[in-house]
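# Observations on the model geometry
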Amino acid sequence: MGLDFVIVGYNQIPMNDILEGLEVTQNLSGAYNHMAGQSVVFSNRRYSYSDLIKESISNAIGRPCEFDIWNMPICAVHYLVSILRKSGLSVEGVNSFNNDKTKLIEILKKSPRAIGISTSYYIDNDPIKEIVEFIRDYDKDVIIIAGGAYIANLCFENDVNQQNWLFKDMGADIYLNDSQGERTLINLCHELKKEAPDLNSIPNLVYKEGKSFCYTARVKENNTLDYNYADCYSFVKDKPIPAVFTRTSRSCSNHCAFCRYPFLGGKYTLACLESVEEELDYLKSIGVEYLVFVDDTFNIPLARFKKLLKLLIQKDYKFKWFSFLRCSDIDDEAFDLMSIAGCKGVFLGIESGDPQILLGMNKRATIEQYKYGINKLKEKGIMTMASCMIGFPGETEETVANTIKFIKETEPTFYSLQMYFHETKVPIADKADIYGITGGGYSWCHNTMDWRMASNLVYKGHQEISNSLFLPIYSFQLWSICYYMSQGFTKEELCEFLRYAKEMMLDSYNNSNPEYRGGQDKKILEVFKNSKMVMKYKEE
Ligand code: SF4
């Protein structure tokens, strides 16, 4: 049987290239400063945290190391491979475009009928274009399909002319416009097997015809999550099994004023617990020990969350797991259960430490609830990551000071602080007149702040916060801590890495910073030299 389909996962563009590309926009937008604040200068080049940690571990081992967060099995790739195979198709997956190029080349030699590009983590066309060009170098005729979150966002945000321009620039043949898209993909792959495929018969497609694009009917998907999970994992023999992503729900029941996710994700949908149990049984049977639950509101509804925690305890899986958590919607019993059930870390979408800003954001949470929740989690030995933003409409220097004070007082294990990103199709955008909002993305202004001021306040905030460790949002999140722990590194080693990395980030926040010293380069290379894991790898 020939190969019907290949799905290609994440392509990480080097941080140095991203920053070089953004340099010309420095006076127009905060995008450059935002990315600079997610990276460091090391050996005179911009590094993402994920590349920096690889450099540090490689230095300790004495050869290039294979530890890379993109070795974590990507959810979308494994899920799609599983469901397409179940529909009777012959399918292969390439988890990481960067790390698995040799595998991709071998697969391309089998002349697959079509190749899909998953766009879950992208914010612009560049990584997709690079994959398309790479594939075309080996097979100029293969049908290339792009689908997933980036394509759905692009269709949500832009008018048809802009969409056509972006599709042409990307260079694929067919685009899937649905935030779920799996039903469309299954139908499309089967249609492509026919002698004369009729693309027009399949909803949710945009495809090239001559020099223009055809749009088929739009029919929103609403797929069940029950008994519909990835079951095609395979791991390298005799190596620690990486942490695995899983989800038990889709979309979100909240409506934060800055967030588009509830619009794109559709109705909040939960998998039944019997299905979750079956998946957890499977993951346990293949040796998985570390899990990341990617549900955006894992603890909602609370009664179901408690049932799930009790299931984890009763079945004695002994998973160590990380998740998102709304610490304003939880009680003491759930905190106790989380600890017993193996929770090691939670991502908290705090957003602001100011009550008025929280109201404006429609966060439906109070500062008191946040404080109580963080304290309880600390009491239970669960790592906390408080994610905050600066510059939401209505923000002033005073409200920002409240956010910084909140982080300093509550001392979460990790924090992130980033500039507000203004979307034009979210609830707060409907109040543009009230707040005087103009612009979009990282180039915005409102009655009480603009992106320049927000960028300066982010930098100032980083300088003031010393009792929590900075974790960037881009390329090295809390899930990376879970991954490196699954590979045998300790929390203490990872925290030491983050301590030096923050000094480097601050040193190089702005290229023109006259205070740039570059003094931490040596220290960051020493972090893992006494690591037990490194010793083990050195002996191999
Ligand atoms: S920010 Fe999080 S909780 Fe709020 S609507 Fe978006 S996904 Fe839901």
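Remember, predicted model here, so these are calculated numbers, not experimental data. (Residues numbered from 1 in each chain as written. Predicted model: local features only at pLDDT ≥ 70, side-chain atom pairs only at ≥ 80, totals over all residues. Heavy atoms only, no water.)

### Side note on the overall build of the protein
Selection rule: Strands here are runs of E lasting at least two residues and helices are runs of H or I lasting at least four, both read from the DSSP assignment and numbered beginning at the N terminus. We call a residue buried when its accessible area falls under 20% of the maximum for its residue type, exposed when it is over 50%, and partly exposed in between, using a 1.4 Å probe and counting protein chains only. The contact rule is simple, with two residues in contact once any of their heavy atoms fall within 4.5 Å. Shrake-Rupley sampling with a 1.4 Å probe provides the accessible areas, and residues are treated as covered by the protein chains on show and by no other component. When charges are counted, neither His nor the chain ends are considered; positive counts come from Lys and Arg and negative counts from Asp and Glu. By convention, the point assigned to a charge is CZ for Arg, NZ for Lys, CD for Glu and CG for Asp.
Each helix and strand counted, the protein has 22 helices and 21 strands in total. Counting only C-alpha atoms and orienting by the principal axes, one finds that the protein spans roughly 65 × 60 × 50 Å. Of all 540 residues assigned to the protein, the portion counted as buried reaches 58%. Contacts in the protein between residues far apart in sequence, at least 24 positions, make up 74% of those at least 6 positions apart. Carbon and sulfur atoms provide 50% of the accessible area of the protein, an area that totals close to 22800 Å². Taking the average place of the 60 positive charges on the side chains of the protein and the average place of its 70 negative ones, the gap between the two points comes to 3 Å.

### A short note on the sheet that holds strand E4 (residues 91-96)
Condition: At least two DSSP bridges between two strands are needed for those strands to be called paired. Convention adopted: a line fitted to C-alpha atoms gives each axis, helices being fitted over their contacting stretch, and angles between N-to-C directions are expressed from 0 to 180 degrees.
The 7 strands lie next to each other as E4-E1-E5-E6-E7-E8-E9, forming an open sheet whose pairing is mixed. The open sheet has two edge strands, E4 and strand E9 (212-215), and neither has a second partner. Strand after strand, the sheet turns through a mean of 20° between neighbouring axes, direction not considered. Relative to E9, strand E8 (residues 205-209) runs antiparallel, the two sharing 4 bridges.

### Things to note about the sheet that holds strand E16 (residues 383-390)
Hydrogen bonds between backbone groups are what pair the strands of a sheet, and the pairing can be parallel or antiparallel. Sheet architecture is open: 7 strands sit in the order E10-E13-E14-E15-E16-E17-E21, paired in parallel fashion. Each edge of the open sheet carries a strand with a single partner, namely strand E10 (244-246) and strand E21 (469-470). Taken together, the 3 bridges between E10 and strand E13 (residues 290-293) define a ladder with parallel strand orientation. Looking at E13, one finds that Thr246 is bridged to Phe293.

### A look at the site of the ligand
Keep this limit in mind: Whether a residue is near a molecule or strand depends on its heavy atoms: if one lies within 4 Å, it is near. Basically, the charged four are Asp, Glu, Lys and Arg, the nonpolar ten are Ala, Val, Leu, Ile, Met, Phe, Trp, Tyr, Cys and Pro, and anything else, Gly included, counts as polar.
Taken together, the neighbourhood of the ligand is formed by Cys252, Asn254, Cys256, Phe258, Cys259, Tyr261, Pro262, Asp296 and Arg326. Among the residues making up the shell around the ligand, the classes are represented as 6 nonpolar, 1 polar and 2 charged.

### Remarks on the pattern of salt bridges
The condition that has to hold: Here, a salt bridge means any side-chain nitrogen of Lys or Arg that lies within 4 Å of a carboxyl oxygen of Asp or Glu.
All chains considered together, the criterion is met by 32 salt bridges. Among the ionic pairs, Asp141 bridges to Lys140, the shortest N-O distance being 3.9 Å. In this structure, Asp141 and Lys140 share a single accessibility class: exposed. Across the pair Lys460 and Glu464 runs a salt bridge, and its minimum N-O distance is 3.8 Å. Here the residue Lys460 and the residue Glu464 both occupy positions in helix H18 (residues 451-464), the gap between them amounting to 4 residues, near one helical turn. Through salt bridges with shared partners, a single ionic network connects Lys306, Lys310, Asp331 and Glu333.

### Quick notes on H18
In plain terms, the rule: Take the number of residues in a helix, subtract one, and multiply by 1.5 Å to get its expected span.
In a regular helix each residue adds 1.5 Å, so 14 residues correspond to 20 Å; H18 covers 20 Å between its end C-alpha atoms and thus fits that length. Of the positions making up H18, those classed as buried are Trp451, Ala454, Ser455, Leu457, Val458, Tyr459, Gly461 and His462.

### Observations regarding the nonpolar core
Our working definition: Residue types Ala, Val, Leu, Ile, Met, Phe, Trp, Tyr and Cys, when buried and joined through side-chain atoms within 4.5 Å, form a set referred to as a nonpolar core.
Trp321, Met338, Ile481 and Phe497 are the most contacted members of the largest nonpolar core, which has 190 residues in total. Excluding residues that lie within four positions of it along the chain, Ile481 makes contacts with Phe322, Met383, Phe414, Leu471, Phe476, Leu494 and Leu498.

### Some thoughts on the domain arrangement of the protein
Many descriptions give the size of an interface as the accessible area lost when the pieces come together. What counts is decided by this rule: Domain limits in this description derive from either an automatic procedure or a database domain assignment. As used here, buried area is the combined drop in accessible area, with a 1.4 Å probe, of two parts when they are placed together.
Here the domain parsing of the protein yields domain 1 (5-13 + 71-215), domain 2 (21-68 + 499-539) and domain 3 (244-470). With centres defined by C-alpha atoms, the gap from domain 2 to domain 3 works out at 26 Å. With 16 residues of domain 2 at the contact, the number on the domain 3 side is 15 residues. Across the domain 2 to domain 3 interface the summed buried area is about 1300 Å²; carbon plus sulfur atoms make up 59%. The largest per-residue losses of area from domain 2 upon contact with domain 3 belong to His34, Lys502 and Tyr509, which jointly make up 36% of the total buried on that side. Put simply, domain 2 and domain 3 have 0 salt bridges between them. Those elements that provide at least two residues to the side of domain 2 that touches domain 3 are helix H2 (31-36) and helix H20 (491-507).

### Observations concerning the packing of helix H5 (residues 101-108) against helix H6 (residues 126-138)
Angle between the axes and distance between the axes: these two values describe a pair of packed helices. As a reminder, the rule being used: Each angle is binned into one of four classes, with values under 35 degrees roughly parallel, values over 145 roughly antiparallel, values of 65 to 115 roughly perpendicular, and all other values oblique. Working rule for handedness: look at the near helix, and if it is turned counterclockwise from the far one by less than a right angle, call the crossing left-handed; if clockwise, right-handed.
Contact geometry for H5 and H6: axes closest at 10 Å, N-to-C directions at 45°. Considering the angle they form, H5 stands oblique to H6. The two elements H5 and H6 cross, and the hand of that crossing is right-handed. Note on element contacts: H6 touches H5 through Glu130, Phe134, Ile135 and Tyr138, opposite Lys101, Leu104, Ile105 and Leu108. Classifying every residue of the contact of H5 with H6 gives 6 nonpolar, no polar and 2 charged.

### Quick word on the UniProt feature "domain: Radical SAM core" (unreviewed entry) in the protein
Using the following cut-off: UniProt positions are given in the numbering used here, feature names are shortened, and annotations may be inferred rather than shown by experiment.
The UniProt record annotates "domain: Radical SAM core" (unreviewed entry) at residues 238-450. Note that residues 238-450 is 37% helix and 23% strand, and that its end C-alpha atoms are spaced 53 Å apart.

### Some words on the state of the cysteines
Note: disulfide means a covalent bond formed between the sulfur atoms of two cysteine side chains. Rules: When two cysteine sulfur atoms lie within 2.5 Å, the pair is treated as a disulfide.
If you walk through the whole model with that rule in mind, you get 0 disulfides. The thiol of Cys232 is unpaired, and the distance to the nearest cysteine sulfur, on Cys75, comes to 11 Å. The thiol of Cys482 is not disulfide-bonded; the next cysteine sulfur, from Cys343, is found 10 Å away.

### As for the pairing of E8
Residues in a regular strand point their side chains to alternate faces of the sheet. Across 3 bridges, strand E7 (residues 174-176) lies against E8 in antiparallel orientation. Along E8, the bridge assignment pairs Ile174 with Tyr207. Taken together, E8 and the strand that follows it, E9, pair antiparallel across an intervening segment of 2 residues, in which Gly210 is found at a positive phi of about 65°.

### With respect to helix H13 (residues 332-340)
Applied cut-off: As used here, the arc is the angular range of directions from the helix axis to the C-beta atoms.
Every buried residue belonging to H13 is among Ala334, Phe335, Leu337 and Met338, and all of these are buried. Taken down its axis, H13 places every buried residue within 165° of arc, on the same side. Check the buried side of H13 and you find it contacts helix H12 (302-314), strand E14 (320-325), strand E15 (343-351) and helix H15 (367-379). Of the residues one or two after H13, Gly342 is the one with positive phi, at around 100°.

### Looking at the layout of surface pockets
Put simply, the rule reads: Only protein atoms enter the 1 Å grid, on which a cavity is a set of points fitting a 1.4 Å probe that cannot get out and a pocket is an open set with protein on both sides within 12 Å along at least 5 of 7 lines, lining residues being those with an atom within 4 Å of a point. Grid points are joined across faces, edges and corners, and a volume is the space filled by probe spheres set on the points.
If you add up the space inside the second largest pocket, you get close to 720 Å³. Breaking the lining of the second largest pocket down by element, the ones donating at least two residues are helix H4 (75-86) and E4. In the lining of the second largest pocket, the residues fall into 15 nonpolar, 8 polar and 8 charged.

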